[in-house]
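Chain residues, written in single-letter form:
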Amino acid sequence: MTALIDLSLLRSSPSVSPFSIPRHQHPPRFRKPFKLRCSLAEGPTISSSKIDGGESSIADCVIVGGGISGLCIAQALATKHRDVASNVIVTEARDRVGGNITTVERDGYLWEEGPNSFQPSDPILTMAVDSGLKDDLVLGDPNAPRFVLWEGKLRPVPSKPTDLPFFDLMSIAGKLRAGFGAIGIRPPPPGYEESVEEFVRRNLGAEVFERFIEPFCSGVYAGDPSKLSMKAAFGRVWKLEEIGGSIIGGTFKTIQERNKTPKLPRDPRLPKPKGQTVGSFRKGLTMLPEAIANSLGSNVKLSWKLSSITKLGNGGYNLTFETPEGMVSLQSRSVVMTIPSHVASNLLHPLSAAAADALSQFYYPPVASVTVSYPKEAIRKECLIDGELKGFGQLHPRSQGIETLGTIYSSSLFPNRAPSGRVLLLNYIGGATNTGILSKTEGELVEAVDRDLRKMLINPNAKDPLVLGVRVWPKAIPQFLVGHLDLLDSAKMALRDSGFRGLFLGGNYVSGVALGRCVEGAYEVAAEVKEFLSQYAYK
């Protein structure tokens, strides 16, 4: 599952430094092309399969997992690396694509029950345009405010530098502490991997952590910032101090390096979003995976559950699936596993116990999405702007006595999400600091959200909300805890050292949890697959 509340709610973007699989040893070249075998438990054996409308002897790549990461890897291979990866198959154990992207439309409402939006970076815009969705893109108002609850009041987050002296979310002393820390007047790095809390408190002070970063971590990761790794979860910010001696120093150095590098022309097909905003599609996020799946056609196999994977003597892989037609085996030159790490761990254990052990250690806490609607008159007057509920949404620090992690103003963010006269609110509850939601009923979750909303956004005497959807994700978002990158590197090294080249790991526990990072990571994995097939695979 990708990030719950989009990163630009606080106008920042976490990043994970991608690790490539080292290739110190060359795998054996394929001695001859082999057939794409679909061996059925009953009925005739199919010796070849039509891929991309033609006969093919072997799959260049099988991507296990039809979530956003797997589909985008396939799309990236099809659009950028078709010369070496023309035969790509995506398999999905469920009966639909998209993973935890879940859009629901009913009774005039349109809402999300997984991730809710994305930052419109060039990679995800490219993916949307290549999938034929340019005209279906919708972008939020870049001037819409974001709020953080503090001392009983929803306070706007500064949206531009000129707001910094005037916003009331921090004290003057807190602003000064943050400013001095940003230029390097703060304790030096401790020499070990810091948590998000340790890094932010040391560099920017307690107020920045408690009033910005802690609720941000809750909204993006549903995580505990005392355990999340700064290096893994917010790698770009962490790197600033490393390269420049301070956050400001690193920023200047990054800008200087960027100015020295010739800028490639931007793809003229891409739209130009204004300001810091978030995006979706006319009929919700599900349009993207469905559009990609439609373009891939019969190369997407639904209700195919991988049961085993083995290495072949000629360097390829044999994958056996449980399908509605029985057991089916495929052979492929390369494989990308984009399924959750704990699922990949079970499947890879026969190949490498060390890789499986590393993958089993990633933690996914539970999160519930609760979608409710109120009449417009239920909104507190002090929360209205020009008589309307305007804004992206709000985040709630754990210290403020609110159980809900955050609330998205869905009907204000994008058009045609609720009937006239109604507001649509998407709320997230649970996470690493509140795993007890698994023992609550749907009614209890709705009561908790409604109780929280009446403390800050909804009039206490308003009628009960219209409940549209409650979705509990028992294993929602991988936590990039201290040591995450070491574990990930260990898994990749174990596969490499055991001779399993051409077997790649992908997905949000590799790339990052934001939907945009999943797309960026898909392009990165596709480039790795292309490099492998170009250098080592038989042609």
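Going by the annotation in an unreviewed UniProt entry, the name recorded for the chain is Protoporphyrinogen oxidase, with Gossypium barbadense given as the source organism. Among the UniProt annotations of the chain, the heading Catalytic activity (unreviewed entry) holds the following wording: "protoporphyrinogen IX + 3 O2 = protoporphyrin IX + 3 H2O2". A UniProt comment under Function (unreviewed entry) is attached to the chain, and it reads "Catalyzes the 6-electron oxidation of protoporphyrinogen-IX to form protoporphyrin-IX."

Chemist: Quick question: what am I supposed to make of the overall build of the chain here?
Modeler: A count of helical and extended segments in the chain gives 16 helices and 20 strands. In the chain, which comprises 539 residues, the proportion classed as buried is 57%. Taking the intrachain contacts of the chain between residues at least 6 apart in sequence as the baseline, contacts between residues at least 24 apart amount to 75%. Just so you have it, the chain exposes about 22400 Å², and 53% of that area is on carbon and sulfur atoms.

Chemist: Mind showing me how you'd approach the pairing of strand β13 (residues 317–323) here?
Modeler: Along a regular strand, successive side chains alternate from one face of the sheet to the other. Across the seven residues that make up β13, a large majority, six, are buried. By the bridge criterion, six bridges tie strand β12 (residues 305–311) to β13 in an arrangement that is antiparallel. Bridge pairing in β13 places lysine 311 opposite tyrosine 317. Hairpin connection between β12 and β13: a loop of five residues separates the two successive antiparallel strands, and glycine 315 in this loop has a positive phi of roughly 100°. Pairing of β13 with strand β14 (residues 326–337) involves seven bridges; the strand directions are antiparallel. Opposite leucine 319, over in β14, you have leucine 330 as the bridge partner. Between β13 and β14, which pair antiparallel in sequence order, lie two residues.

Chemist: What's the story with the pattern of salt bridges in this structure? I'm lost.
Modeler: Close approach of charged atoms lets side chains of opposite charge pair. On inspection of all chains with the given rule, the structure shows 25 salt bridges. The shortest N-O distance in the salt bridge between glutamate 207 and arginine 211 comes to 3.8 Å. Placement of both glutamate 207 and arginine 211 in helix α5 (residues 206–220) is noted, with a separation of four residues, approximately one turn of the helix. Judged by its relative accessible area of 14%, arginine 211 is buried. A salt bridge links lysine 376 to glutamate 388; its shortest N-O distance comes to 3.1 Å. One end of the pair, lysine 376, is in the loop between β15 (367–375) and β16 (393–395); the other, glutamate 388, is in the loop between β15 and β16, with twelve residues separating them in the sequence.

Chemist: What am I meant to see in the environment of proline 188 here?
Modeler: Looking at where proline 188 falls in the secondary structure, it is placed in the loop between α3 (172–182) and α4 (196–204). In sequence terms proline 188 and serine 246 are 58 residues apart; their C-alpha atoms lie 9.3 Å from each other.

Chemist: Just checking my understanding: could you explain the sheet that holds β16 for this structure?
Modeler: Pairing between sheet strands relies on hydrogen bonds along the backbone, with the strands arranged either parallel or antiparallel. Sheet architecture is open: seven strands sit in the order β9-β8-β16-β17-β18-β15-β19, paired in mixed fashion. Each of the sheet's edge strands pairs with one partner strand only, and the pair in question is β9 (153–156) and β19 (466–473). Neighbouring strand axes in the sheet, compared pairwise and without regard to direction, differ in orientation by 25° on average. Of the pairings in the sheet, the one linking β15 to β19 comprises seven bridges and is antiparallel in character. For serine 369, the partnering residue across the bridge sits in β19 and is arginine 471. Docked against the sheet, helix α13 (residues 442–453) engages β15, β16, β17 (404–409), β18 (422–430) and β19, running at close to 60° with respect to β15.

Chemist: I tried to follow the environment of lysine 283 on my own but got confused; where do I start?
Modeler: Locating lysine 283 in the fold gives a position in the loop between β10 (279–281) and α9 (287–296). A residue is classified by how much of its surface remains accessible, and lysine 283, at 34% relative accessible area, is partly exposed. Sequence separation of lysine 283 and valine 104 is 179 residues, and the distance between their C-alpha atoms is 9.1 Å. In this structure, lysine 283 is in contact with Thr103, Glu105 and Leu110, ignoring residues within four places of it in sequence. A polar atom in the side chain of lysine 283 sits 2.8 Å from the side chain of glutamate 105.

Chemist: When you look at the state of the cysteines in this model, what are you seeing that I'm missing?
Modeler: Throughout this description, disulfide means a covalent bond between two cysteine sulfur atoms. A full pass over the atoms with the stated rule returns zero disulfides. For cysteine 72, which is in no disulfide, the shortest distance to another cysteine sulfur is to cysteine 518 and amounts to 8.4 Å. Since its relative accessible area comes to 0%, cysteine 72 is described here as buried.

Chemist: Explain the packing of α4 against α5 here, please?
Modeler: Packed helix pairs are specified by the crossing angle of their axes together with the interaxial distance, meaning the distance between the axes. Contact pair α4 / α5: the axes reach a minimum separation of 8 Å and the direction vectors enclose 150°. You can see that α4 and α5 cross each other, and the crossing is right-handed. Contact residues: α4 offers Val196, Glu197, Val200, Arg201 and Leu204, while α5 offers Ala206, Val208, Phe209, Glu210, Ile213 and Cys217. Here the contact of α4 with α5 is built from residues that sort into eight nonpolar, no polar and three charged.

Chemist: Please clarify how the nonpolar core should be interpreted in this entry.
Modeler: Counting residues in hydrophobic clusters, the biggest one holds 46 residues, and the most contacted among them are Val196, Val200, Val208, Phe212, Ile213, Tyr221 and Phe234. Counting residues per element, this core draws most heavily on α5, which supplies seven residues. In terms of domain composition, this core takes at least three residues from each of domain 2 (103–121 + 132–144 + 366–473) and domain 3 (159–260). With sequence-adjacent residues up to four places away left out, valine 208 is seen in contact with Met170, Ala178, Val200 and Ile213. Membership of the second largest hydrophobic core comes to 45 residues, among which are Leu125, Val336, Leu515 and Val525.

Chemist: Any chance you could explain the packing of aromatic side chains here in plain terms?
Modeler: Centre-to-centre distance and the angle between the planes together describe a pair of aromatic rings. As enumerated under the stated definition, the model contains eight aromatic pairs in all. An angle of 45° between the planes, with centres 5.4 Å apart, marks the rings of tryptophan 304 and phenylalanine 321 as tilted. Here phenylalanine 321 lies in strand β13 and tryptophan 304 lies in the loop between β11 (300–302) and β12, a separation of 17 residues in the sequence. Ring pairing ties together the aromatic residues Phe216, Tyr221, Phe234 and Phe480, which thus form one cluster. Directly above the ring of phenylalanine 392 sits arginine 146, whose terminal nitrogen or CZ lies 3.7 Å from the centroid. It is lysine 175 that lies over the ring of phenylalanine 167; its NZ or CZ is 4.6 Å from the centre.

How each quantity is defined
- Residues numbered from 1 in each chain as written.
- Predicted model: local features only at pLDDT ≥ 70, side-chain atom pairs only at ≥ 80, totals over all residues.
- Heavy atoms only, no water.
- UniProt positions renumbered as here; feature names shortened; annotations may be inferred.
- Helix = DSSP H or I, 4+ residues; strand = E, 2+ residues; numbered from the N terminus.
- Buried < 20%, exposed > 50% of the residue type's maximum accessible area, 1.4 Å probe, protein only.
- Contact = heavy atoms within 4.5 Å.
- Areas by Shrake-Rupley, 256 points an atom, 1.4 Å probe, with all protein chains shown as cover.
- Pairing = 2+ DSSP bridges.
- Salt bridge = Lys/Arg side-chain N within 4 Å of Asp/Glu carboxyl O.
- Axes fitted to C-alpha atoms, helices over the stretch in contact; angles between N-to-C directions.
- Polar contact = N/O pair within 3.5 Å; in protein donor to acceptor, adjacent residues only side chain to side chain.
- Disulfide = S-S within 2.5 Å.
- Left-handed = near helix turned anticlockwise from the far one by under 90°.
- Nonpolar A, V, L, I, M, F, W, Y, C, P; charged D, E, K, R; others polar.
- Core = buried A, V, L, I, M, F, W, Y, C linked by side-chain atoms within 4.5 Å.
- Domains from an automatic or database assignment.
- Phe/Tyr/Trp six-rings, centres within 6.5 Å; stacked < 30°, edge-to-face > 60°.
- Lys NZ or Arg CZ within 6 Å of the ring centre and 35° of its normal.

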